[in-house]
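Read off the chains here:
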Amino acid sequence: MIAHFSLEQIDEVVKTIQARTSYRPRVSIVLGSGLNGLADSVEKPDIIPFGDLPHFPVSTVMGHAGRLVIGELEGQAVFVMQGRIHFYEGYSMAQVTLPVRVMQRLGIEILIVTNAAGGVNPAFTPGDVMLITDNLNLIGIAGQNPLIGPNLDKIGPRFPDMSQAYDRALCDLARSVARKENIILQEGIYAGLSGPSFESPADLRFLRLAGADSVGMSTVPEVIVARHGGMRVLGLSGISNKANLDGSMVTTHEEVMEAGKHITPKIEKLVRGILRQL
Ligand code: HPA
């Protein structure tokens, strides 16, 4: 298990990417479970499988292709992670967040992060999209913060602020695009857990009491690392299932993948609208 990466190791990945693409994107997009389809809309792409990159972990989860798709969307150069790395796959926090470190050294300023999530807020329906306005870092509170270890002083401070993890101007932009496109955009707090087991009904009642609106197994470590390096972050949860607060429902990965098919077109519209105005 790799505890941390040096700047030199991160830059080896950066050099490999720069040798394979002439795009120099400002914006990156991480695609969550079942939301991979958006990468297929990227025009004139340079495609790099994670396995071709030094130090890069490979995605082992069904529904995560595991490749970089670097090309154009709405006339903007974009760096798309088609598939992400999760802590539950057995990778370290450093490995899970290496892609974000690489983005920072590539000069990418904006991270649009998407995920599939359970709807803890009873007002949410599967198929909804939720703008993430803040997160509950339960995995970090439990001692798994990706910044544990030597601080990369060239990238950011030892004790980074997290008071505005999700950029307010980007949230406003997402709201205005949603209005124009007639997309119902829910809003709320994303609780980040390790997974891979789904939550028990008692876990979910606890999360609801703690203020969570959606729950998933990713995103928070990536956002912490992004903010450490001063990137601006926009987060979108695709609500794939209703949280099982009373124990009457069963949650499956297949359900999450199926919901992704309905959520992807909405997220694509939102992302395209946002890219047009960046
Ligand atoms: N819980 C955790 N992660 C998830 C869920 C869920 O209900 N749905 C999709 N990802």
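Above this note sits the structure.
Residues numbered from 1 in each chain as written. Predicted model: local features only at pLDDT ≥ 70, side-chain atom pairs only at ≥ 80, totals over all residues. Heavy atoms only, no water.

Q: Go over the overall build of the protein chain with me, naming the residues and quoting the values.
A: Helix and strand counts for the protein chain come out as seven helices and nine strands. Relative to its length of 278 residues, the protein chain is compact, with a C-alpha radius of gyration of 17 Å against a globular reference of 19 Å. Summarising its shape, the C-alpha atoms of the protein chain cover approximately 50 × 40 × 35 Å along the three principal directions. Each of the 278 residues in the protein chain was classed as buried or not, and the buried ones make up 56%. A sequence separation of at least 24 residues applies to 83% of the contacts in the protein chain between residues at least 6 apart. Of the accessible surface of the protein chain, which amounts to about 11,400 Å², a share of 53% is contributed by carbon and sulfur atoms. Placing the 25 positive and 28 negative side-chain charges of the protein chain at their respective mean positions leaves the two points 5 Å apart. (Helix = DSSP H or I, 4+ residues; strand = E, 2+ residues; numbered from the N terminus. Rg over C-alpha atoms; globule rule 2.2 N^0.38 Å. Buried < 20%, exposed > 50% of the residue type's maximum accessible area, 1.4 Å probe, protein only. Contact = heavy atoms within 4.5 Å. Areas by Shrake-Rupley, 256 points an atom, 1.4 Å probe, with all protein chains shown as cover. Lys, Arg positive; Asp, Glu negative; His and termini not counted. Charge placed at Lys NZ, Arg CZ, Asp CG, Glu CD.)

Q: Which residues make up the environment of Glu-72, and what values go with them?
A: Positionally, Glu-72 belongs in strand E3 (residues 67–73). Along the backbone, Glu-72 and Lys-44 are 28 residues apart, and their C-alpha atoms lie at a distance of 6.6 Å.

Q: Any details on the site of the ligand? Residues and values, ideally.
A: Taken together, Ala-116, Ala-117, Gly-118, Phe-198, Glu-199, Val-215, Gly-216, Met-217, Ser-240, Asn-241 and Val-256 make up the full set of residues adjacent to the ligand. Here Glu-199 contributes a side-chain N or O atom positioned 2.8 Å from a nitrogen atom of the ligand. Between Ser-240 and the ligand, the recorded distance is 3.5 Å, taken from a side-chain N or O atom to a nitrogen atom. The fraction of the free accessible surface of the ligand (260 Å²) that becomes covered by protein chains is 94%. Of all the secondary structure elements, the ones that give two or more residues to the shell around the ligand are strand E5 (110–119), strand E8 (214–216) and strand E9 (232–242). If you tally residues by element for the shell around the ligand, the top one is E5, at three residues. When grouped by side-chain class, the residues that make up the shell around the ligand number six nonpolar, four polar and one charged. (Near = heavy atom within 4 Å. Polar contact = N/O pair within 3.5 Å; in protein donor to acceptor, adjacent residues only side chain to side chain. Nonpolar A, V, L, I, M, F, W, Y, C, P; charged D, E, K, R; others polar.)

Q: If you had to explain the side chain of Gln-82 to someone new, which residues and values would you point to?
A: Position of Gln-82 among the secondary structure elements: in strand E4 (residues 76–82). Residue Gln-82 is classed as buried on the basis of its relative accessible area of 4%. Among the polar contacts made by the side chain of Gln-82, one reaches the side chain of Arg-67 at a distance of 2.6 Å.

Q: Quick one: what's the story with helix H7 (residues 253–276), residue by residue and with numbers?
A: Because each turn of an α-helix spans 3.6 residues, side chains separated by three or four positions end up pointing in the same direction. The end-to-end C-alpha distance of H7 is 33 Å, a good match for the 34 Å that 24 residues give at a rise of 1.5 Å each. Maximal helix bending in H7 amounts to about 40°, located at His-262; proline Pro-265 follows within four positions. (Expected span 1.5 Å × (residues − 1). Bend = angle between axes of the 7 residues up to and from the residue.)

Q: I'd like to hear about the nonpolar core, residue by residue, with values.
A: Counting residues in hydrophobic clusters, the biggest one holds 78 residues, and the most contacted among them are Ile-17, Ile-29, Leu-68, Phe-79, Val-102 and Val-271. In this structure, Phe-79 is in contact with Ile-17, Pro-25, Val-27, Ser-28, Ile-29, Leu-68, Val-69, Ile-70, Met-103, Leu-106 and Ile-108, ignoring residues within four places of it in sequence. In this structure, Ala-191, Leu-207, Val-215 and Ala-243 belong to the second largest nonpolar core, which totals eight residues. (Core = buried A, V, L, I, M, F, W, Y, C linked by side-chain atoms within 4.5 Å.)

Q: Kindly report on the environment of Gln-9, identifying the contributing residues and their values.
A: Here Gln-9 lies in helix H1 (residues 7–20). For Gln-9, a relative accessible area of 26% translates into the label partly exposed. Put simply, Gln-9 and Ile-85 are 76 residues apart on the chain and 18 Å apart in space, counted from C-alpha to C-alpha. Once you skip the residues sitting within four places of it in the chain, Gln-9 turns out to touch His-4 and His-55.

Q: Talk me through the packing of helix H4 (residues 168–181) against H7; I want residue IDs and the actual numbers.
A: Taken N-terminus to C-terminus, the directions of H4 and H7 make an angle of 120°; their axes are 9 Å apart at the nearest point. As the angle between them shows, H4 and H7 are arranged oblique. For the pair H4 and H7, the crossing hand works out as right-handed. Contact residues: Leu-173, Ala-174, Val-177, Ala-178 and Glu-181 in H4; Lys-269, Leu-270, Gly-273, Ile-274 and Arg-276 in H7. (Axes fitted to C-alpha atoms, helices over the stretch in contact; angles between N-to-C directions. Parallel < 35°, antiparallel > 145°, perpendicular 65-115°, else oblique. Left-handed = near helix turned anticlockwise from the far one by under 90°.)

Q: Which residues make up the pattern of salt bridges, and what values go with them?
A: Considering all chains together, one arrives at 14 salt bridges under this definition. Salt-bridge contacts for Glu-74 lead to Arg-272; the nearest nitrogen and oxygen are separated by 2.7 Å. With Glu-74 in the loop between E3 and E4 and Arg-272 in helix H7, this pair connects stretches of sequence that are 198 residues apart. Classification of Glu-74 by relative accessible area gives partly exposed; the value is 28%. One salt bridge connects Glu-222 with Arg-84, and the closest N-O pair in it is separated by 3.0 Å. With Glu-222 in helix H6 (residues 220–228) and Arg-84 in the loop between E4 and helix H2 (93–105), this residue pair connects regions lying 138 residues apart in the sequence. In the salt-bridge network here, residues are joined through shared partners; they are Glu-74, Glu-181, Glu-268, Arg-272 and Arg-276. (Salt bridge = Lys/Arg side-chain N within 4 Å of Asp/Glu carboxyl O.)

Everything listed here is a matter of coordinates, which is why it stays silent on function.
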